[in-house]
Amino acid sequence: MKFKYNARTQEGELQIGFVESVNREAAVNVLTGHNLFILSLSEAEKAGWGDKIFSLFNKVKMVDLMIFTRQFATLLESKVPLGDCLRSLRKQTRSPILKEIVFEISNDVDAGLSLSQALERHGNVFSEFYINLIRSSEITGRLEEVMVFLADYIDKELMWRTRIRNAMIYPSILIGLFVIVAGLMIVIVFPQIAPIFKEARVELPLITRILLAGGEFVGRWWWAIITVIFLFIVLLVDYFRSKEGKIVFDEISIKLPILGNLFKKVYIARFAESISVLIKGGIPITQSIEITAHSVGSIVYRDVLHDCAERVKAGETFSSIIEKEEGLFPPLVSQMIAIGEGTGRLDEILSRISILYTREVNDLLANLTELIQPLLIALIGVFVGLLFASILIPIYNLVQAF
């Protein structure tokens, strides 16, 4: 989010500008970290369509962020000073956008800001989870370990996304080819052979009549159909980017057959791993739950975890709250958390939960990759059979008439 601010420096000079951050509180922390006295802070005007389209091509890719974090961790493990690390990373970074961001972070650190404060100025690139882990490591002195963990964490997230995307490439090509072939048959082939059947007074099957009517309609109104589809997609995407749309999309995604189970396991793995690492970093349990709520990747889980953090503050146990959310967390999760609370090893138990569900996600992804392709081929085969039957049956009837 972008915020517009009016502030004064310690010398009394007026400053007006913009700051990007994940929320208002984070923006206040960034400005106060620069020793500015805030006069006003408001959310900037929402970007227009042109800015939104431009922002799609002006993002830091996850693979670039992973490489940056991995190189950062390697340099820190080699005992290279922080300032030298950032200058070296700027030279090594290939992404022009990330290179400029690293340059700004380096300047902020040289000016006296902590690394977490410098990262906080770029909340659109570095998540709240990323920044809070860095902040906790600055307190505990475990920056090297945290950077290694973050590199592994982003690498795993990238692997999941890549596997899902790769699993959908082949089916998408098959569906695309089928749509093209079916479109050509309906719009070009069918209208040319239709007069022959009419002259011979051959009775056409229902599927053939439907396809002929569809081909005639598409041929006449193709421009209107394309316009309606384009507008529908644009409005649908815009709706799913709104707050209400994101909630609806998340609710639908976790209720889908098979895929819903996959999404739940991904969110639980993230939830358990995030809280485990934050607790190990010395962050209190309530704050760890709150931070995780904003980094788990689902608005449904975010709202539940936010409520969970408030109830833990009020004195309820973490496990008893999770136990009541059976639709989102299996009983095994609440039972293991209860064991962790009872033994005082909650961080270790959560880490085991994360490992367990990460393994299940990997197995489920592998099974989906193997199952989706033959199922889709069979389904497309049925549609192709119907398509050709709609032509061959009338031709057979025509031959029989003669």
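Residues numbered from 1 in each chain as written. Predicted model: local features only at pLDDT ≥ 70, side-chain atom pairs only at ≥ 80, totals over all residues. Heavy atoms only, no water.

Which parts of the structure should I look at to understand the side chain of Arg-270?
Relative to the helices and strands, Arg-270 is located in helix H11 (residues 259–280). For Arg-270, a relative accessible area of 16% corresponds to the buried category. For Arg-270, the side chain forms a polar contact with the main-chain oxygen of Val-296, separated by 2.9 Å. (Helix = DSSP H or I, 4+ residues; strand = E, 2+ residues; numbered from the N terminus. Buried < 20%, exposed > 50% of the residue type's maximum accessible area, 1.4 Å probe, protein only. Polar contact = N/O pair within 3.5 Å; in protein donor to acceptor, adjacent residues only side chain to side chain.)

I tried to follow unusual backbone geometry on my own but got confused; where do I start?
Backbone geometry places Lys-79, a non-glycine residue, at a positive phi of 65°. By the secondary structure assignment, Lys-79 is in the loop between helix H3 (62–77) and helix H4 (82–92). Accessibility expressed as a relative area gives 62% for Lys-79, which makes it exposed.

Looking at this model, I keep getting lost on helix H15 (residues 331–343). Mind explaining?
Note that an α-helix has 3.6 residues per turn; residues three or four places apart therefore point the same way. Compared with an ideal rise of 1.5 Å per residue, which puts 13 residues at 18 Å, H15 spans 19 Å between its outermost C-alpha atoms and is within 8% of the ideal. Taken together, the buried positions of H15 are Val-333, Ser-334, Met-336, Ile-337 and Gly-340. Considered in projection along H15, the buried side chains sweep an arc of 165° and stay on one side of the axis. One or two positions beyond H15, positive phi appears at Gly-344, with a value near 75°. (Expected span 1.5 Å × (residues − 1). Arc of directions from axis to C-beta.)

I tried to follow H3 on my own but got confused; where do I start?
Here H3 is 16 residues long and its end C-alpha atoms lie 22 Å apart, about the 22 Å a rise of 1.5 Å per residue gives. If you check which residues of H3 are buried, you get Leu-65, Met-66, Phe-68, Thr-69, Phe-72, Ala-73, Leu-75 and Leu-76. Count one or two residues on from H3 and you reach Lys-79, which has phi positive near 65°.

Honestly, the confidence of the model for the protein in this entry has me stumped. Any pointers?
Low pLDDT marks regions whose predicted coordinates should not be analysed in detail. Scored by pLDDT, the protein has a mean of 81; 92% of the residues are at 70 or more. When mean pLDDT is taken per element in the protein, H15 scores highest with 90 and helix H2 (residues 49–56) scores lowest with 46. Below pLDDT 50 for its whole length, residues 47–57 participates in 6 contacts with residues either more than four positions away or in separate chains. (pLDDT = per-residue confidence, 0-100. Contact = heavy atoms within 4.5 Å.)

What should I look at first to understand the packing of H11 against helix H12 (residues 285–293) in this one?
Relative orientation and spacing of two packed helices are given, respectively, by the angle between their axes and the distance between those axes. Contact geometry of H11 with H12 gives a least axis separation of 9 Å together with a crossing angle of 140°. Viewed along their axes, H11 and H12 adopt a mutual orientation that is oblique. Considering the relative orientation of H11 and H12, their crossing is right-handed. Packed against H11, whose contacting residues are Phe-271, Ser-274, Ile-275, Leu-278 and Ile-279, the element H12 presents Ile-285, Ser-288, Ile-289, Ile-291 and Thr-292 at the interface. Here the residues of the contact of H11 with H12 are counted per class, giving 7 nonpolar, 3 polar and no charged. (Axes fitted to C-alpha atoms, helices over the stretch in contact; angles between N-to-C directions. Parallel < 35°, antiparallel > 145°, perpendicular 65-115°, else oblique. Left-handed = near helix turned anticlockwise from the far one by under 90°. Nonpolar A, V, L, I, M, F, W, Y, C, P; charged D, E, K, R; others polar.)

What is the right way to read the packing of helix H9 (residues 206–241) against helix H10 (residues 243–255) from this model?
For the pair H9 and H10, the least separation of the axes is 4 Å and the interaxial angle reads 90°. The angle between H9 and H10 places the two elements in the roughly perpendicular class. Mapping the contact onto sequence places Tyr-239, Phe-240 and Arg-241 in H9 and Lys-243, Glu-244, Gly-245, Lys-246, Val-248 and Phe-249 in H10. Residue composition of the contact of H9 with H10, grouped by class: 4 nonpolar, 1 polar and 4 charged.

Quick question: what am I supposed to make of the packing of aromatic side chains here?
Aromatic ring pairs: the centre-centre distance and the angle between the two ring planes describe each pair. Under the counting rule described, the total for this entry stands at 13 aromatic pairs. Both rings, one in Phe-126 and one in Tyr-130, keep their centres 5.1 Å apart while their planes meet at 50°; by these two values the pair is tilted. By relative accessible area, which is 0% here, Phe-126 ends up buried. Relative accessible area serves as the criterion here: at 4%, Tyr-130 is assigned to the buried category. A ring pair is formed by Tyr-267 and Tyr-301, whose centres lie 5.3 Å apart and whose planes are at 55°; its orientation type is tilted. Taken together, the residues span a long stretch of sequence, with Tyr-267 in helix H11 and Tyr-301 in helix H13 (residues 299–313) at a distance of 34 residues. By the ring-pair criterion, three or more aromatic residues cluster together here, those being Phe-263, Tyr-267, Phe-271, Tyr-301, Phe-318 and Phe-329. (Phe/Tyr/Trp six-rings, centres within 6.5 Å; stacked < 30°, edge-to-face > 60°.)

Teacher, can you tell me more about the environment of Ala-272 here?
Checked against the element boundaries, Ala-272 lands in helix H11. Residues Ala-272 and Tyr-357, 85 residues apart in the sequence, show an inter-C-alpha distance of 9.1 Å. Non-local contacts of Ala-272, meaning those with residues more than four positions away in its chain, are made with Leu-350, Ile-353 and Ser-354.

What's the story with the pattern of salt bridges in this structure? I'm lost.
Side chains that differ in charge, positive against negative, can pair when their charged atoms come close. Taken as a whole, this structure holds 14 salt bridges when the rule is applied. A salt bridge links Asp-155 to Arg-70; the shortest N-O distance between them is 3.7 Å. Taken together, the positions of Asp-155 in helix H8 (residues 143–199) and Arg-70 in helix H3 put the pair 85 residues apart, joining distant regions of the chain. Residue Asp-155 is classed as partly exposed on the basis of its relative accessible area, which comes to 32%. Looking at Arg-70, the relative accessible area reads 28%, which means it is partly exposed. One salt bridge in this structure joins Arg-87 and Asp-110, with 3.3 Å as the shortest N-O distance. A residue pair is termed long-range when its members are at least 10 positions apart, and Arg-87 in helix H4 and Asp-110 in helix H5 (residues 96–110) qualify at 23 residues. (Salt bridge = Lys/Arg side-chain N within 4 Å of Asp/Glu carboxyl O.)

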